[in-house]
Amino acid sequence: MANRPNILFIMSDDHASQAISSYSGRINQTPNIDRIAQEGARFDDCFCTNSICTPSRAVILTGKYSHLNGVKTLVDDFDGRQPHVAKMLQQGGYQTSMIGKWHLGHGGNSDPTGFDYWCVLPGQGLYHNPTFYDMGKEITVKGYATDIITDMSLDWLEKRDKDRPFFLMCHHKAPHRPWEPSEKHKDLYEDINIPEPDTLFDTYETRSDAARLAEMRISRHLRKKDVKQDPPDHLEGNDLTRWYYQRYIKDYLRCIASIDDNVGRLLDYLDEQGIADNTLVIYTSDQGFFLGEHGWYDKRFMYEESLRMPFLVRYPKEIKAGTINKDMIVNTDFAPTFLDYAGLTIPADMQGCSLRPVFQGRLVEGWRQSMYYRYWMDRDDHCVAAHYGIRTHQYKLICYYAPGRFYNGKYPEGTERTEWPQWELYDLQKDQYELNNVYGDPDYASTLAELKTALHQLQMELKDTIQTSES
Ligand code: CA
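Values in this document were obtained by computation on a predicted structure and should not be read as measured data. Residue numbering note: each chain is counted from 1, following its sequence as written. The predicted origin of the model limits local features to residues at a pLDDT of at least 70 and limits the giving and counting of side-chain atom pairs to 80 or more, whereas totals for whole chains, interfaces and linings rest on all residues. Note: side-chain values were computed over all heavy atoms of the structure, leaving out hydrogens and water.

**Quick look at the coordination of the calcium ion**
Octahedral six-donor coordination of a metal ideally yields angles of 90 or 180 degrees, compared with 109.5 degrees for tetrahedral four-donor coordination.
Then step 1. Sites may look incomplete because water is not among the atoms; the donors themselves are N, O and S atoms within 2.8 Å of the metal, or within 3.2 Å for Na, K and Ca. The coordination sphere of the calcium ion contains the protein donors Asp13 (OD), Asp14 (OD), Cys53 (SG), Asp286 (OD), Asp286 (OD) and Gln287 (OE1), at a distance range of 2.2 to 2.7 Å.
Then step 2. Around the calcium ion, the 6 donor atoms are arranged such that angles at the metal cover 52 to 163 degrees; this shape is classified as irregular.
Then step 3. Between the donor residues of the calcium ion, the gaps in sequence give the motif D-D-x38-C-x232-D-Q.
Then step 4. For each residue, the accessible area found with a 1.4 Å probe, counting protein chains only, is set against the maximum for its type, and the residue is called buried under 20%, exposed over 50%, and partly exposed in between. Asp13 sits in the buried class, given a relative accessible area of 0%.
Then step 5. The buried category is assigned to Asp14, whose relative accessible area is 1%. Here the metal geometry follows the donor angles, with tetrahedral for four donors whose angles all fall between 85 and 135 degrees, square planar for four and octahedral for six when opposite donors are more than 155 degrees apart and every other angle is between 65 and 115, and irregular for all the rest.

Encoded structure:
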């Protein structure tokens with residue numbers, strides 16, 4: 001058990017890979033986050049199994065899908081009495097710490113367990129002068145959340161027992177709504193226009209009602225509190241949408257600039273301590289996000305921008321610098337990976353696989369060629385229909401089995417279809433933006449049949465249930 005690596009897990013909230021220059025370079029620069037990939041690996045097909053904040057965090061801790069860890073929606077609290085990776089690492093001799101955004105509930109059985117030290121934001125937390133629960137005690141700290149969470153992480157690292165490995169979860173609130181930048185970055189991008197995505201003016205033709213009914217349109221659902229001012233009176237139509245997009249994306253990217261600076265501080269600290277070589281560093285986000293694609297902000301959908309998690313990893317002993325990996329990995333894999341590096345047993349009921357051989361660049365026989373996704377409806381937010389689906393390297397099949405909040409049939413005017421389920425099928429090789437639903441296209445009949453069988457097979461393997469309404 002000697003020389004077990006430290007694990008530094010840095011996770012932000014709603015940071016889409018399109019806003020990391022290592023992935024895209026189109027709309028911003030993130031030199032410090034990119035450094036992890038340059039000195040390690042970038043994963044292009046890391047997917048979230050349920051694209052929303054609280055559930056993704058529970059999946060990461062337990063290595064199990066939402067239907068087994070009990071956190072299906074934003075309003076389900078995590079039951080910390082269940083086994084999870086922090087407890088196992090703690091019992092296995094690691095020093096463990098959770099600093100920043102927890103978002104898995106408070107009090108009762110929902111406070112962090114398995115951590116020697118924890119200091120977490122209540123709920124969503126604030127960007128400026130935030131309150132924290134420091135081992136349960138309420139404290140307020142002056143400053144900007146991203147800086148403070150990093151300060152606390154550095155303090156904890158400084159005080160650690162240097163003879164034992166550590167596991168630190170450093171979880172930023174940023175760049176989650178309401179997108180409030182720090183003083184340092186508030187004027188960044190002031191005089192430039194951020195490029196627009198190709199699908200900003202999507203009209204949702206060929207898609208299911210789910211896309212049309214979703215309430216996350218930049219043109220329609222952003223509010224004054226989101227963009228901090230009223231639009232100029234003379235703007236209308238697409239020009240008004242463009243104005244909203246610029247206001248939204250600039251504040252979002254300013255929040256990310258602060259994360260990037262602070263990732264740099266943590267990496268510098270590892271260098272100064274001489275422990276960079278023996279520390280597994282991961283940067284990810286709890287899910288992806290729409291940055292104007294399909295005319296949207298927010299997440300929840302199984303579409304690419306929301307499904308994909310950024311995932312950058314560095315561990316010089318085993319990962320070749322500059323690796324770009326296209327293996328399909330999911331967030332149930334994270335916990336087994338940490339246990340593997342810690343030399344601990346991976347429980348049989350964890351549903352992911354250790355990524356260690358994948359990191360090492362080995363061809364792993366039987367590695368997954370498809371992944372299962374499920375978004376469980378919650379309250380009324382953004383009105384996204386409940387759905388599940390399967391993604392392979394080439395195709396994506398989605399079944400929307402229950403309507404967003406329109407249970408009672410009161411659909412918005414102009415929406416005629418009221419029958420669920422509704423299906424979508426995309427050929428990602430020909431249609432990377434998912435604009436052309438080919439469900440029902442005879443050319444794809446055999447593909448569709450195979451995907452439906454594979455979807456139900458995955459549901460069975462993962463112990464989820466098919467909705468009776470699907471048929
Ligand atoms: Ca999130």
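**Considering the pairing of strand E1 (residues 6-12)**
Successive side chains on a regular strand alternate, one facing one side of the sheet and the next facing the other.
Then step 1. Of all the 7 residues making up E1, 7 are buried; the element is thus mostly covered by neighbouring parts of the structure.
Then step 2. Per the convention used, a helix needs a DSSP run of H or I reaching at least four residues, while a strand needs a run of E reaching at least two, with both numbered from the N terminus. Neither face of E1 is open: one carries Asn6, Leu8, Ile10 and Ser12, the other Ile7, Phe9 and Met11, and all of them are buried.
Then step 3. DSSP calls a pair of strands paired once it identifies at least 2 bridges connecting them. As paired elements, E1 and strand E9 (residues 279-285) share 7 bridges and run parallel to each other. Bridging from a neighbouring strand, Ile7 pairs with Leu280 of E9.

**Here's the deal with the domain arrangement of the protein chain**
Then step 1. The domain boundaries here were taken from an automatic or database domain assignment. Per the domain assignment, the segments of the protein chain are domain 1 (6-181 + 247-368) and domain 2 (371-461).
Then step 2. Spacing between the C-alpha centres of domain 1 and domain 2 amounts to 28 Å.
Then step 3. Pairs of residues are marked as contacts when any of their non-hydrogen atoms sit within 4.5 Å. The interface is formed by 30 residues belonging to domain 1 together with 29 residues belonging to domain 2.
Then step 4. The three residues of domain 1 that bury the most area against domain 2 are Arg300, Met302 and Tyr303, which together make up 30% of that side's buried surface.
Then step 5. Salt bridge criterion: a side-chain nitrogen from Lys or Arg within 4 Å of a carboxyl oxygen from Asp or Glu. Here domain 1 is connected to domain 2 by 2 salt bridges.
Then step 6. Pairing of N or O atoms within 3.5 Å defines a polar contact, subject to two protein rules: one partner must be a possible hydrogen donor and the other a possible acceptor, and residues neighboring in sequence count only if both atoms are side-chain atoms. Inspection of the region where domain 1 meets domain 2 yields 14 residue pairs in polar contact (both at pLDDT 80 or more).
Then step 7. At the level of secondary structure, the elements contributing two or more residues to the side of domain 1 that touches domain 2 comprise helix H3 (66-69) and helix H9 (304-307).
Then step 8. Residue contributions to the side of domain 1 that touches domain 2 peak at 3 residues, all from H9.
Then step 9. When residues are sorted by character, Ala, Val, Leu, Ile, Met, Phe, Trp, Tyr, Cys and Pro go into the nonpolar class, Asp, Glu, Lys and Arg into the charged class, and all the rest, Gly among them, into the polar class. For the side of domain 1 that touches domain 2, a count of residues per class yields 13 nonpolar, 7 polar and 10 charged. Joining two parts hides part of their accessible area as seen by a 1.4 Å probe, and the buried area is that hidden amount summed over both.

**A closer look at the nonpolar core**
Then step 1. Joining through side-chain atoms within 4.5 Å is the link that ties buried Ala, Val, Leu, Ile, Met, Phe, Trp, Tyr and Cys residues into a set, and such a set is a nonpolar core. Core analysis: the largest hydrophobic core is formed by 79 residues, its most contacted members being Phe311 and Phe338.
Then step 2. Broken down by element, the residue count for this core peaks at 7 residues, all from helix H8 (residues 237-273).
Then step 3. The next biggest cluster of nonpolar side chains, apart from the first, holds 50 residues, and it includes Leu235, Leu253, Phe289 and Phe301.

**Here's the deal with the packing of aromatic side chains**
Then step 1. Only centres within 6.5 Å qualify two rings of Phe, Tyr or Trp (six-membered ring in Trp) as a pair; their planes then separate them into stacked at under 30 degrees, edge-to-face at over 60, and tilted for everything else. Counting across every chain of the model gives 31 aromatic pairs.
Then step 2. Through a chain of ring-to-ring contacts, the aromatic side chains of Phe9, Phe43, Phe167, Phe311, Tyr315, Phe334, Phe338, Tyr341 and Phe359 assemble into a single cluster.
Then step 3. The ring centre of Tyr23 lies 5.3 Å from the NZ or CZ of Arg42, which sits over that ring.
Then step 4. Whether a charge sits over a ring comes down to the Lys NZ or Arg CZ being within 6 Å of the ring centre and within 35 degrees of the ring normal. Its end group placed over the ring of Tyr127, Lys173 keeps NZ or CZ at 4.9 Å from the ring centre.

**Notes on the pattern of salt bridges**
Then step 1. Going through the model one piece at a time under the given rule, you end up with 37 salt bridges.
Then step 2. For the salt bridge of Lys299 with Asp14, the shortest nitrogen-to-oxygen distance reads 3.1 Å. One end of the pair, Lys299, is in the loop between E9 and H9; the other, Asp14, is in the loop between E1 and helix H1 (31-38), and 285 residues separate them in sequence.
Then step 3. A salt bridge links Arg164 to Asp161, with the shortest nitrogen-to-oxygen separation between them at 3.5 Å.
Then step 4. A relative accessible area of 35% places Arg164 in the partly exposed class.
Then step 5. Taking relative accessible area as the criterion, Asp161 reaches 33% and is therefore assigned partly exposed.
Then step 6. In this structure, a network of salt bridges that share partners links the residues Asp45, Glu304, Arg308, Arg391, Lys396 and Glu434.

**What to know about H1**
Then step 1. When H1 is considered as a whole, its buried residues turn out to be Ile33, Asp34, Arg35, Ile36 and Ala37.
Then step 2. In this fold, the buried residues of H1 make contact with strand E2 (41-43), H8, E9, strand E10 (311-314) and strand E11 (323-325).

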